[in-house]
Structures are given as structure tokens and as C-alpha cells.
Amino acid sequence: MLSFIGVSAMPWRRILLSSVIAIFMISGFFEAKPQTPQATSAYGAEALYARAAGKSESASADLEIIAHRGANNIFNEHTLTAYEIAADAEVDSIEIDLRMTKDHQLIALHDTTLDRTTTGTGAPEELTLNEIKQLDTVAVFGGKVYKEPVPTLNEIFAAFAQEEHYYIETRLVGGDTKMEEPFIHLLEEYDLLDPEYVSFQSFSKESLQKMQELAPEIRTTLLYGTDKFELEDALNADVDVIGIESRNITQDIVDKIQQQGKEVHVFFTDERTQLVEQQRVIMYGVDGVFTDDIEFTKQVIGQ
Ligand code: G3P
Ligand code: CA
């Protein structure tokens with residue numbers, strides 16, 4: 001379903017997709033993931049939504065809303081459709097995880113393997129782009145299975161051009177900085193090598209350093225894995241933004257990083273607690289959240 005939506009002329013694609021989304025909304029398609037029923041019942045999401053409304057006075061009005069892997073609570077993560085839904089929700093940034101294929105093409109994929117999110121298996125570095133294009137991403141929403149191809153970064157840029165801000169995560173490939181140069185070349189090809197259109201993020205200091213050498217004008221975010229955050233290390237890092245998992249965030253940490261002139265962006269790895277955690281860290285005045293529920297975040301900040 002939806003795999004017919006290509007990357008041709010932008011206006012037609014957006015009009016077509018908006019129509020499909022509208023039909024799904026009318027039919028009640030956009031429900032919580034069936035894999036996570038606790039998100040709407042046992043963990044009280046409905047009450048949280050209600051309480052989130054009208055918190056704008058105390059929450060940051062300048063909060064950067066980053067669509068984590070696109071609108072992944074509505075459609076298959078890291079697909080053109082998930083990005084399109086996020087774009088239509090007018091988020092500040094679309095978050096993209098990069099992986100490299102055997103023939104050195106950049107694709108959007110979070111995991112080290114294709115196993116969890118696609119019909120394939122194995123590491124993307126073991127397959128050519130042509131082989132990966134034979135696969136589909138696959139996910140279940142509202143009891144239905146949805147499929148759509150794994151997008152290349154080229155296809156994403158062709159689809160959204162300068163209409164969005166891309167917040168892109170680089171990784172080492174086989175322990176080396178192999179994806180950074182082709183990534184920069186692709187940004188140049190699409191006239192996107194500008195802070196207005198792109199930010200860089202990575203858990204790898206080596207990758208971030210290479211990105212800074214290649215494009216010093218672009219904002220960089222150093223990410224820390226869950227329970228791997230070290231305040232002194234963050235304060236010493238030559239980056240613009242520190243990215244921290246929510247459970248490692250305290251008011252004191254936010255204050256100390258911001259006093260240095262850096263921003264704090266937060267990501268969430270426990271979907272059972274994410275809504276509560278979003279409210280907590282937004283109240284601390286963090287500068288951005290990698291949200292898995294765009295509408296909820298907008299409600300927290302009164303949008
Ligand atoms: O990129 C920020 C955040 O996405 C880090 O977590 O594992 O989802 O890439 P992950
Ligand atoms: Ca990421």
C-alpha cells in the first residue's frame with residue numbers, strides 16, 4: 001500500500017499523498033500501533049494528551065520539533081510517506097538515519113540490519129542498492145500490514161528539496177568514515193549544504209569531526225547513548241548541540257550545557273514512558289525533542 005507513490009513532480013505527489021492520508025484519517029486508519037496497545041491504555045496516553053494541552057506558558061515556545069524517523073507512529077519508519085506526513089504536520093526537522101549499501105549508496109535505515117523493519121535480512125552493507133530495492137519496509141498499523149520501499153537519500157532530497165530541514169545521522173561504516181564524503185556531495189548536488197536545510201548528528205565523534213572538516217558551517221549534534229552521557233565530555237565537545245536520551249536528563253544538566261551556549265536535544269528509547277518524559281524534559285527548557293508523536297509534542301507546547 002502506498003508504494004505507488006514515487007518521487008516524481010512534487011506538487012502531484014504531495015496532492016496525491018494528502019488525499020490518501022485524508023481518506024485514512026476519515027476511515028480511522030491512524031490509530032496507535034497495534035504492537036504497542038499500552039500506549040493508549042495502561043499508560044494513560046489519553047489523560048496525558050488532555051493534560052498536555054495548554055502548557056505553553058511554562059514550556060519552551062522555541063522548542064525544535066524533530067520528527068524521529070519521520071512520523072513513525074503513523075507509517076513505516078524511514079519511508080517517504082512517513083517523512084511526508086511529518087512535513088505536512090509542519091515539523092521543524094525530519095530526522096534521517098543513514099546507512100550505506102555494498103555499492104556505496106546512501107539509504108535511510110536505522111538498524112544495523114534490515115531484519116526488524118523490512119522484508120529482508122542482513123546488513124545493508126552486504127547488499128547492493130538494487131537488491132535492497134527488491135525489498136520493502138513493513139509495519140502493522142490498525143491491524144493492517146503496510147509496505148513501502150526503503151528510500152535512498154537521493155530520493156528523499158528529490159522529493160522534498162528545499163522544502164524541509166533535514167537532521168541527518170551519520171555512522172561509521174565498518175569502523176571507518178566512508179559515508180561522509182558521498183553525503184556531502186549529495187547535499188551539494190541538491191543545493192542543500194546550508195544550515196537552513198541540514199543539520200548533522202552522530203554518536204561517533206570521528207564521523208562528526210569529518211563532517212565539520214567538510215562542512216564547518218553546518219550545525220552538529222553529538223549524541224550520547226543511553227546511560228553513556230558524561231557531562232564533562234559534553235561540555236568539552238566542540239559541537240553546537242548535545243543529544244541525550246531522556247532518562248539521563250536533569251534540570252542541572254540542561255542548565256550547564258545551555259550556559260555554555262550549546263543546545264540540548266532529547267531522544268526517547270522507551271515508548272511506554274515517552275509521553276511523560278517529553279513533558280518532563282520540555283518543562284526543563286530543552287531546545288529540541290526527537291519526537292515519536294508529533295501531535296503530542298505540539299500539544300505540550302501549545303501549538
Ligand atoms: O538521532 C537521535 C536519536 O534518533 C538517536 O537515537 O537510535 O533512534 O537513532 P536513534
Ligand atoms: Ca537517529
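Refer to the structure printed above.
Please read these numbers as outputs of a predicted model, since none were measured by experiment.

J.: Describe the environment of Val264, listing the residues and the values that go with them.
T.: Within the secondary structure, Val264 sits in strand β10 (residues 263-267). Val264 gets classed as buried once you look at its relative accessible area, which sits at 0%. Note: C-alpha distance between Val264 and Leu222 (42 residues apart in sequence) is 9.9 Å. Leave out the neighbours within four places in its chain, and Val264 touches Ile242, Ile244, Ile249, Val254, Ile257, Gln258, Val286, Asp287 and Gly288.

J.: Requested: an account of the coordination of the calcium ion (ligand 2), with residues and values cited.
T.: Within the protein, Glu95 (OE), Asp97 (OD) and Glu169 (OE) serve as the donor atoms for the calcium ion (ligand 2), at 2.1 to 2.3 Å. Each of the 6 donor atoms bound to the calcium ion (ligand 2) contributes to angles spanning 53 to 157 degrees, and the resulting shape is irregular. In primary sequence terms, the donor set of the calcium ion (ligand 2) follows E-x1-D-x71-E. Of this pair, Glu95 sits in strand β2 (residues 93-100) while Glu169 is found in strand β6 (residues 166-169), placing the two residues 74 residues apart along the sequence. The exposure classification of Glu95 matches that of Glu169, with both residues buried.

J.: Which residues make up the side chain of Thr118, and what values go with them?
T.: Its place among the elements puts Thr118 in the loop between β3 (106-108) and α4 (129-132). A residue is classified by how much of its surface remains accessible, and Thr118, at 5% relative accessible area, is buried. Within polar-contact distance, the side chain of Thr118 engages the backbone nitrogen of Gly120 at 2.9 Å. When residues no more than four places from it in sequence are discounted, the contact partners of Thr118 are Leu109, Leu135, Asp136, Thr137, Val138 and Val150.

J.: Which residues make up the layout of surface pockets, and what values do they have?
T.: Counted as a void, the second largest pocket has a volume near 320 Å³. If you trace the second largest pocket, you find 18 residues lining it, with Asp97, His110, Glu169, Arg171 and Phe203 closest to the centre. A per-element tally of the lining of the second largest pocket places β2 first, with 3 residues. Considering only residue class, the lining of the second largest pocket consists of 6 nonpolar, 6 polar and 6 charged.

J.: Pulling in residues and values, what's your account of helix α6 (residues 180-189)?
T.: What α6 keeps buried is the set Glu180, Phe183, Ile184, Leu186 and Leu187. Here the buried residues of α6 occupy an arc of 160 degrees about the axis, which is enough to place them on one side. If you follow the buried residues of α6, they end up packed against β2, β3, α5 (153-160), β6, β7 (198-202) and α7 (205-214). After α6 finishes, the residue Asp191 shows a positive phi value of roughly 55 degrees.

J.: Which residues make up the site of ligand 1, and what values do they have?
T.: The environment of ligand 1 is formed by His68, Arg69, Glu95, Asp97, His110, Glu169, Gln201, Phe203, Leu223, Phe267 and Phe290. Side-chain polar atom of Arg69 to an oxygen atom of ligand 1: 2.7 Å apart, as the coordinates give it. One of the side-chain N or O atoms of Gln201 is found 2.5 Å from an oxygen atom in ligand 1. Alone, ligand 1 offers 280 Å² of accessible surface; in the complex the protein occludes 91% of this. Structurally, ligand 1 is housed in the second largest pocket. Residues of the shell around ligand 1, tallied by class, amount to 4 nonpolar, 3 polar and 4 charged.

J.: Explain empty space enclosed by the protein to me, and be specific about the residues and the numbers.
T.: One pass over the full model with this rule turns up 1 cavity of 30 Å³ or more. Along its surface, the largest cavity is lined by Glu77, His78, Ala108, Leu109, His110, Asp111, Thr117, Thr137 and Val150. Broken down by class, the residue content of the lining of the largest cavity amounts to 3 nonpolar, 4 polar and 2 charged.

J.: Break down the nonpolar core for me, with residues and values.
T.: Core analysis: the largest hydrophobic core is formed by 67 residues, its most contacted members being Ile96, Leu153, Phe183 and Phe200. One finds Ile107, Ile132, Leu135 and Val150 within the second-largest nonpolar core, a separate group that totals 7 residues.

Cut-offs applied
- Residues numbered from 1 in each chain as written.
- Chains lettered and ligands numbered in written order.
- Predicted model: local features only at pLDDT ≥ 70, side-chain atom pairs only at ≥ 80, totals over all residues.
- Heavy atoms only, no water.
- Helix = DSSP H or I, 4+ residues; strand = E, 2+ residues; numbered from the N terminus.
- Buried < 20%, exposed > 50% of the residue type's maximum accessible area, 1.4 Å probe, protein only.
- Contact = heavy atoms within 4.5 Å.
- Donors = N, O, S within 2.8 Å, 3.2 Å for Na, K, Ca; no water.
- Tetrahedral: all angles 85-135°; square planar, octahedral: opposite > 155°, others 65-115°.
- Polar contact = N/O pair within 3.5 Å; in protein donor to acceptor, adjacent residues only side chain to side chain.
- 1 Å grid on protein atoms, 1.4 Å probe; cavity = no way out; pocket = protein on both sides within 12 Å on 5 of 7 lines; lining within 4 Å.
- Points joined across faces, edges and corners; volume = space filled by probe spheres on them.
- Nonpolar A, V, L, I, M, F, W, Y, C, P; charged D, E, K, R; others polar.
- Arc of directions from axis to C-beta.
- Near = heavy atom within 4 Å.
- Areas by Shrake-Rupley, 256 points an atom, 1.4 Å probe, with all protein chains shown as cover.
- Sits in = over half its atoms within 2 Å of the grid points.
- Core = buried A, V, L, I, M, F, W, Y, C linked by side-chain atoms within 4.5 Å.

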